[in-house]
Every structure is written in C-alpha cells, then in structure tokens.
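# Understanding the architecture of this molecule
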Amino acid sequence: MTKLVDTFTCNGHFFNIYQEVDKNTGVPVPNRYRCSVSVGRNPNGSTRQKFVTGTSPDKVKYKVYSLFNVRFEAHFTNNLDITLLQCLNDYLNLHYQHEKASSYETVHYRINHIMKPFIEDIKLQEFSHNAAQELIYLLDEDYSGCVVHACESILRNCLDEQVNCHNIPYNPCKNLWMPANKREEELVPFTVAELNMLFAEARKKHLDLLLLVCFYCALRIGEAIALHWSDIDWDAKTIKIQHSLTRGSKILAVPSGIQCSTKGGSSRTIYPPEIVFSYLRQAQKRQELQRIKAGSAWNENDLCFTDDFGRYRKYGMVRDNFKRFCKAINRPDASTHHLRHTMASMLLANGSTITDISYQVGHENPITTKTYLHPTEISQNRYRDQLNTISEQILGNSSL
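Now for a look at the structure at hand. Note that the structure is a prediction, hence the values are computed from the model and not measured.

### Side note on helix α7 (residues 208-216)
In an α-helix, one turn spans 3.6 residues, which is why side chains three or four residues apart end up on the same side. With eight of nine residues buried, α7 is to be regarded as a mostly interior element. Looking at α7, one finds that the buried residues are Asp-208, Leu-209, Leu-210, Leu-211, Leu-212, Val-213, Cys-214 and Phe-215. Buried-residue contacts for α7 involve α6 (192-203), α8 (221-225), α9 (274-294), α10 (315-328) and α11 (337-349). Once α7 finishes, Ala-218 follows within two positions and takes phi at roughly 55°, a positive value.

### What to know about the side chain of Asn-89
Take Asn-89: it is sitting in helix α2 (residues 84-95). In contact with Asn-89, other than residues within four places in its own chain, are Ile-111 and Asn-112.

### Here's the deal with the pattern of salt bridges
Per the stated rule, a full pass over the model turns up 17 salt bridges. Glu-194 serves as the salt-bridge partner of Arg-331, at 3.0 Å between the closest nitrogen and oxygen. Of this pair, Arg-331 sits in the loop between α10 and α11 while Glu-194 sits in helix α6, and the two are 137 residues apart along the sequence. On the accessibility criterion, Arg-331 (8% relative accessible area) is buried. According to the relative accessible area criterion, Glu-194 is buried, its value standing at 14%. Between Glu-288 and Arg-291 there is a salt bridge; the shortest N-O distance is 2.6 Å. Remark: Arg-291 and Glu-288 occur in helix α9; sequence separation between them is three residues, near one turn of the helix. Classification of Arg-291 as partly exposed rests on a relative accessible area of 22%. Connected via shared salt-bridge partners are Glu-194, Arg-331 and Asp-333.

### Regarding the packing of helix α3 (residues 101-119) against helix α5 (residues 145-164)
How two helices sit against one another is set out by the angle between their axes and by the gap between those axes. Relative orientation of the contacting elements α3 and α5 amounts to 100°, with a least axis distance of 10 Å. Our classification of the angle between α3 and α5 gives roughly perpendicular. Together, Val-107, Arg-110, Ile-111, Ile-114 and Met-115 of α3 and Val-147, Ala-150, Cys-151, Ile-154 and Leu-155 of α5 make up the contact between the two elements. In terms of residue class, the contact of α3 with α5 is made up of nine nonpolar, no polar and one charged.

### Some thoughts on unusual backbone geometry
The residue His-206 is not glycine, and still its phi comes out positive at about 60°. Considering the arrangement of structural elements, one finds His-206 in the loop between α6 and α7. Despite not being glycine, Lys-237 shows a phi value in the positive range, around 60°. Relative accessible area serves as the criterion here: at 27%, Lys-237 is assigned to the partly exposed category.

Analysis parameters
- Residues numbered from 1 in each chain as written.
- Predicted model: local features only at pLDDT ≥ 70, side-chain atom pairs only at ≥ 80, totals over all residues.
- Heavy atoms only, no water.
- Buried < 20%, exposed > 50% of the residue type's maximum accessible area, 1.4 Å probe, protein only.
- Helix = DSSP H or I, 4+ residues; strand = E, 2+ residues; numbered from the N terminus.
- Contact = heavy atoms within 4.5 Å.
- Salt bridge = Lys/Arg side-chain N within 4 Å of Asp/Glu carboxyl O.
- Axes fitted to C-alpha atoms, helices over the stretch in contact; angles between N-to-C directions.
- Parallel < 35°, antiparallel > 145°, perpendicular 65-115°, else oblique.
- Nonpolar A, V, L, I, M, F, W, Y, C, P; charged D, E, K, R; others polar.

Printed below as a string of structure tokens:
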C-alpha cells in the first residue's frame, strides 16, 4: 500500500512520489518513499520501469534528477553558504572536544592540513560523489593508504550526520574507490642493492637524475618534478623547496600543473650533499641537448627536469614508470614514496635527529616523521656491531 505525498516535473516528465503505508495499521511508514521512472522498453515492447527509493521526498527527487543529468536545486538547509570545511570542523568540535588531546589533534590535522587545500571553498550541497572520488585520488598521490582511509572515514561520518539532519539528500562518500589500507610503518625501505638496480632501470627512460635528486634530497616526487633552476644556490650549496606539482581537479577547482607552494604550504631550504649538484649539472647538459633538438618547439620554463620539449614531467607518467622499474627489481609493491622513507631511515641510522629529518622531508609535525623511520641495512649492521662490542666487553677474550 502506498500514499501519494508529492508530485513534480523533471525534463518534461511528470512524476508522483509515494510513501509506503503499513497494510495492517494503515499508518504511513517513515523514511520510505518511492517513485516510478520509465527508463526504456523491454524486449516485448512494454515500458521498463525503475523504482527510485529514498528516505525523504527530496532525496527521491534528487535521484530522479540525477537519472536525467539535471541539477536538483533543493533547499535542504537554511544556511546555503555553509562549506564542507565548516561542517567538518563542527563535527570535530562536537565529537572530539572531550576526547584525548592526541585524538583531537590528529583529526584536526587531517581536516585542516590534509583535506583543507582541496575542499576549502566547496559548499556542502555542492560536494558530489565525483568530487569525493577526486579528493581520494588527490590524497592518494601524497599520503599512505592508512591516512586516506582515515580522511574518508571522517568525511563519511560527518556527512552521515548531515543526511540525518536533512541538510543534504545523500552521502557522497559511499561506494568510493579506495587505495590499499597500508600504514606508513608497514613500508619496507629499499636496500642499497635495490637502489642501484632501480636507478639503472630509470636511466633507460632518462628518469634517473630526477629520481636521484628526489632520493638524496628526500623530496616528494611532486616537489622534485617542480624544482626550478632559480631555486638552486650554487655558491651556498642550498636548494629552496617552494614549488610542487599537482594533477589538479576541475570538480574540486584545484588547478593542475606547477604550484607556488609545497604540500605543507611553507617553503624550506635544504643542504643536500655535493653529489646532488653533480646530478643537477648533468641535468643541465641533458636539457641543453633537448633544447637544441626541439628548436622552436622548446618551452622555456626554468624547470630542472623536463621532457623533450621543455614541459614539466607528468606525475602519472613518472608514477607509472616507477612502478615498472620496481617490478623489474622484484619490488612491485613499492612507490616513489618509498624513496623518502628510505632516505629518512638512513639519516636516522647515521645519527641525524628526528627534528632534523622532519625539516628535511618537509613535515610540520615530527610525530609524522616517526612513521617514516624503519630498520635499514645500515642500522641493522650498526646494531650488530654494537652487540659484538657488548659481548666482547662481557666475555673478554674468554670463549665458552
């Protein structure tokens, strides 16, 4: 049994919305609405019907409008200017205000540092499923699967509340593609032998210099691709990291290409080893040959690492080639992010402090850096030497 509760038109068609009624009591069932939509014809020529259901008439209307690719302008809330970022911070203050300080700070960091650059100007009602999926793709470029899953969970729980409050018709964070939920601590650094084989594979595609500078400077791959010649101080032997590459998103209004900011939003000056400047000089010579070969088709843009026509390297191209290199050395699970983990772990094994490593890799919070630190060949060999020294001190020259 059903009860007619609303009527509307969409794309020149007339539709009725019905609410289910309990056949025993005759009382309308709350949050059970449906509408019949003609979506074509069956093989026998009869009209094929699709039942659109929802927890409110507005949600049913929204789904029907979506079938016809028409934007549904519904006033689900009195405040039409509320942004997704405001909703997330309200959710934070409501649910984490009385939690442990570490829990509050963690969620605050994920909302206002990790997600904020991508959702700052998005209105709550404009955040669609496609926008949510684009956000996941962008986060996956620079963060581990564990962090991406945590951000998605915050978004989904917050928007579930907005649905329950009838501020939005549905939760756009449902049924998203998600990366593997792998923690930073689970990443295994490259060994010295693997690094040598990896850079040898990269040399075949002329990506060796880019990856070597990325490794020795502990850069994010987007920061290495966006490195400018003007960022390098040859006399002081320093490099200023102040640009980054993003693939961008039209849906989230995030511009693609080289951006005048890093992921953390602040620049830093690093002091790389002499070998990095040797690689950069090789990059200059390689780029000069590319410039001569390209002729008038060359694009001058001050970038250190370019393709054959002076354009910046595409993030997807570098990422896909890197996966092929890793597969060739039997490390199919590795990514460019492993280079940063490997260098951070090696720095720790050679006596660097967490504070110094945190600055080198561009972390605002040293706690984040701790997840980058893993046992390496260097640290394990040093540990074994220390154990040998201790055993000699205890046993002396005696033998058991």
